[in-house]
Structures are given as structure tokens and as C-alpha cells.
Amino acid sequence: MLFLQTTTTAQQGFALDPLTIIMLVVLAAMIFFMFRSNKKRKAQAEDLQTKMVPGAEVMTNFGVFGELVAIDEERNEAHIEIAPGTVIRVHRQTLARVVDDHAEVTEAADDRTDDLGDADEPRDRA
């Protein structure tokens, strides 16, 4: 009897129960989103590198704003002018972003509009 049961299950092959199918779908989705996020991150890094040219206004990871003077590829350094005549030397990977004046102006206007609220809405003046 035991021999008969093992031969019938062996003939059926690998049975896919619903739990196995769900686990495979979840695994496939995780892999898909992982590759997608890596692709986005790589595209953002390439976009940042194309904007990093001498004369661009940049911000470092530690919040220093300045104008990019030069990039030394061999030493992996960037020279930033933070004030007239004051140039600092930082590691190139500390350059966080290129500052876009137009984007900052529109973001500041949106923030002020949000802070004011609606005209019909009563304000708490306490």
C-alpha cells in the first residue's frame, strides 16, 4: 500500500499549490521593482553628472551652497566658490544636487500659498 501511494505521487510530478504560486509571484514582483529602482537611481546619477559643469550652482551633502569652479577627476575632488575669493575643496561625491533657481522660486511660492490657507477658512489667532 505504501509503495502504491509513493508511485502515484511520483507520477503526478511537482504540484503547484496556491501558496507556492503566490510566493513565486511576490518574488517576481520584488525582483522587478528592485531592477526598476536601480535603473531610476542610475538615470538620476547620470543626469546629475551632466549638470555638474563649472559655473553651476551646487549644494553639498552638508548644506554648503556655492558655484562649482572645477572638478578634478584624478583626485576625485571638486572646487566650490562659496564666497567671492573663497574656494573650498571637497570630495566629489559630497555634491548632492545642482540648484535650480527657477524650481526654488516656484517651491517657495507654493509653500507660502499653503501657509496662508483659504480666504474663507477662519484662522486661529491664539
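That block above? That's the structure.
Everything numeric here is computed off the predicted structure, so don't read it as measured data.

Undergrad: Lay out the nonpolar core in plain terms, naming residues and giving numbers.
TA: Of all hydrophobic cores here, the largest spans seven residues; its members are Met52, Val58, Leu68, Ala78, Ile80, Val90 and Leu95. Other than its neighbours up to four places away in sequence, valine 58 contacts Met52, Val64, Phe65, Gly66, Leu68, Ile80, Leu95, Arg97, Val98 and Val99.

Undergrad: Give me the lowdown on the sheet that holds strand S1 (residues 57-60), citing residues and values where you can.
TA: With antiparallel pairing, the five strands of this open sheet are ordered in space as S4-S3-S2-S1-S5. Since the sheet does not close on itself, it has two edges, and those belong to strand S4 (86-91) and strand S5 (95-98), each with one partner. Pairwise comparison of adjacent strand axes, ignoring direction, gives a mean angle of 45 degrees for this sheet.

Undergrad: Go over a nonpolar patch on the surface with me, naming the residues and quoting the values.
TA: A surface patch of nonpolar side chains, amounting to about 770 Å² of accessible area, comprises Leu16, Ile21, Leu24, Val25, Leu27, Ile31, Met34 and Phe35. Inspection of the secondary structure assignment puts isoleucine 21 in helix H2 (residues 18-51). Taking relative accessible area as the criterion, isoleucine 21 reaches 41% and is therefore assigned partly exposed.

Undergrad: Tell me about unusual backbone geometry, and please be specific about residues and values.
TA: The phi angle at asparagine 76 is positive, at roughly 60 degrees, despite the residue not being glycine. Here asparagine 76 lies in the loop between strand S2 (65-72) and strand S3 (77-83).

Parameters and conventions
- Residues numbered from 1 in each chain as written.
- Predicted model: local features only at pLDDT ≥ 70, side-chain atom pairs only at ≥ 80, totals over all residues.
- Heavy atoms only, no water.
- Core = buried A, V, L, I, M, F, W, Y, C linked by side-chain atoms within 4.5 Å.
- Buried < 20%, exposed > 50% of the residue type's maximum accessible area, 1.4 Å probe, protein only.
- Contact = heavy atoms within 4.5 Å.
- Pairing = 2+ DSSP bridges.
- Helix = DSSP H or I, 4+ residues; strand = E, 2+ residues; numbered from the N terminus.
- Axes fitted to C-alpha atoms, helices over the stretch in contact; angles between N-to-C directions.
- Patch = residues over 30% accessible without salt bridge, like charges linked within 9 Å, V, L, I, M, F, W, Y side chains within 5 Å.
- Areas by Shrake-Rupley, 256 points an atom, 1.4 Å probe, with all protein chains shown as cover.
- Salt bridge = Lys/Arg side-chain N within 4 Å of Asp/Glu carboxyl O.

These figures come from the coordinates and say nothing about function on their own.
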